[in-house]
Amino acid sequence: MKVRRTPWWQYVIGAVLGVLAGMGLASYGEQTGLSLIGTPWVVAGLLAVLGVIVLVLALQVHKYANTDPKKRPHSFINPTVAVNTLVLAKALGLAGGTLAGWYVGQILMSISHFEAPFYHDAIIQCAVTAIICIADMIVGIIGEWLCQLPPNEGPENPKIAEAKRKQGVSTAYRNQ
């Protein structure tokens, strides 16, 4: 099984869907009088802690994967932890982009009511949480990159492939 990097357009689609959903929620709240906008501060804190945890795990996987096997310390990094860290990084990146869109959508629909104390507080909460979600998306993208394995010395290594190509060209040239 070959794992591929998450394409950039998936983050964009998540953010656009998040904006539309956030705008829809804020619009629904204005129409019905049941306001559901805003976020508790604990959500921003949990998202920030989750981003730090994923970044620390990804840095450990990166350090382990890029260390010479003979010099590796005996640590808790094993293939299962490495794969779980990769999955966490991918999920954090996509969720961060989508949630950032969600909170930005709420801000866009509520900005006209900024003078009202309730909307003022909700917009501030959404803005802080959106910034943390964007940071989580960036951490997810970086964490996904950190979990890449370095190329091995097998046939798919660019150096080996280039050497074989040059060797094939030189032998073909000599045979003429």
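Residues numbered from 1 in each chain as written. Predicted model: local features only at pLDDT ≥ 70, side-chain atom pairs only at ≥ 80, totals over all residues. Heavy atoms only, no water.

Overview of the UniProt feature "transmembrane region" (unreviewed entry) in the protein
UniProt annotation of "transmembrane region" (unreviewed entry) refers to residues 12–29, 41–61, 81–102 and 122–142 when read in the numbering used here. End C-alpha to end C-alpha, residues 12–29 measures 26 Å, and it is 100% helix and 0% strand. (UniProt positions renumbered as here; feature names shortened; annotations may be inferred. Helix = DSSP H or I, 4+ residues; strand = E, 2+ residues; numbered from the N terminus.)

A short note on the pattern of salt bridges
Per the counting criterion, the structure on display carries two salt bridges. Two residues, Glu 144 and Arg 5, come together in a salt bridge whose shortest N-O distance is 4.0 Å. Separated by 139 residues along the polypeptide, Glu 144 in helix H4 (residues 117–146) and Arg 5 in the segment before helix H1 (8–32) bring together distant segments of the chain. According to the relative accessible area criterion, Glu 144 is buried, its value standing at 3%. Ionic pairing is found between Glu 144 and Lys 90, a salt bridge with its closest N-O pair at 3.0 Å. With Glu 144 in helix H4 and Lys 90 in helix H3 (residues 79–110), this pair connects stretches of sequence that are 54 residues apart. (Salt bridge = Lys/Arg side-chain N within 4 Å of Asp/Glu carboxyl O. Buried < 20%, exposed > 50% of the residue type's maximum accessible area, 1.4 Å probe, protein only.)

Points about the packing of aromatic side chains
Given two aromatic rings, their pairing is described by the distance between the two centres and the angle made by the two planes. Scanning all chains against the criterion turns up one aromatic pair. Geometrically, the ring pair formed by Phe 118 and Tyr 119 is edge-to-face, given 5.5 Å between the ring centres and 75 degrees between the ring planes. Its relative accessible area of 18% is what places Tyr 119 among the buried residues. (Phe/Tyr/Trp six-rings, centres within 6.5 Å; stacked < 30°, edge-to-face > 60°.)

A short note on the nonpolar core
Ranked by size, the top nonpolar core spans 10 residues in total: Ala 44, Leu 47, Ala 100, Tyr 103, Ile 107, Ile 123, Cys 126, Ala 130, Ile 132 and Cys 133. Secondary-structure elements contributing two or more residues to this core are helix H2 (41–65), H3 and H4. The dominant element in this core, judged by the number of residues it contributes, is H4, at five residues. Residues within four places of Ile 132 in sequence aside, it is in contact with Ala 44, Leu 47 and Ala 48. Formed by six residues, the second largest nonpolar core is a distinct cluster that contains Val 61, Ile 77, Leu 146 and Cys 147. (Core = buried A, V, L, I, M, F, W, Y, C linked by side-chain atoms within 4.5 Å. Contact = heavy atoms within 4.5 Å.)

Quick word on H2
A rise of 1.5 Å per residue sets the reference length of H2, with its 25 residues, at 36 Å; its end C-alpha atoms lie 36 Å apart and thus fit the reference within 8%. Turning to H2, its buried residues are Ala 44, Leu 47, Gly 51, Val 54, Leu 57, Ala 58, Val 61 and Ala 65. Where H2 is buried, its residues touch H3 and H4. (Expected span 1.5 Å × (residues − 1).)

Remarks on H3
If you check H3, its first and last C-alpha atoms are 46 Å apart, about what 32 residues at 1.5 Å a residue would give, namely 46 Å. At the N-terminal end of H3, a side-chain oxygen is found 3.0 Å from the backbone nitrogen of Thr 80, two or three residues along, and the residue is Asn 78. (Polar contact = N/O pair within 3.5 Å; in protein donor to acceptor, adjacent residues only side chain to side chain.)

Re the packing of H2 against H3
One way to put it is that H2 packs onto H3 with a least axis distance of 10 Å and a crossing angle of 145 degrees. Between H2 and H3 lies a crossing of left-handed hand. Every residue of H3 that contacts H2 at Val 43, Leu 47, Leu 50, Gly 51, Val 54, Leu 57, Ala 58 and Val 61 is listed here: Ala 82, Thr 85, Leu 88, Ala 89, Leu 92, Leu 99 and Tyr 103. Grouping the constituent residues of the contact of H2 with H3 by class yields 13 nonpolar, two polar and no charged. (Axes fitted to C-alpha atoms, helices over the stretch in contact; angles between N-to-C directions. Left-handed = near helix turned anticlockwise from the far one by under 90°. Nonpolar A, V, L, I, M, F, W, Y, C, P; charged D, E, K, R; others polar.)

Quick word on a nonpolar patch on the surface
The grouping of Trp 8, Trp 9, Val 12, Ile 13, Val 16, Leu 17 and Leu 20 at the surface amounts to a nonpolar patch, some 750 Å² of accessible area in total. You can see Val 16 is positioned in helix H1. (Patch = residues over 30% accessible without salt bridge, like charges linked within 9 Å, V, L, I, M, F, W, Y side chains within 5 Å. Areas by Shrake-Rupley, 256 points an atom, 1.4 Å probe, with all protein chains shown as cover.)

So, the side chain of Thr 39
On the secondary structure map, Thr 39 appears in the loop between H1 and H2. Classification of Thr 39 as buried rests on a relative accessible area of 4%. With near-sequence residues (within four places) excluded, Thr 39 lies in contact with Tyr 103, Gln 125, Cys 126 and Thr 129.

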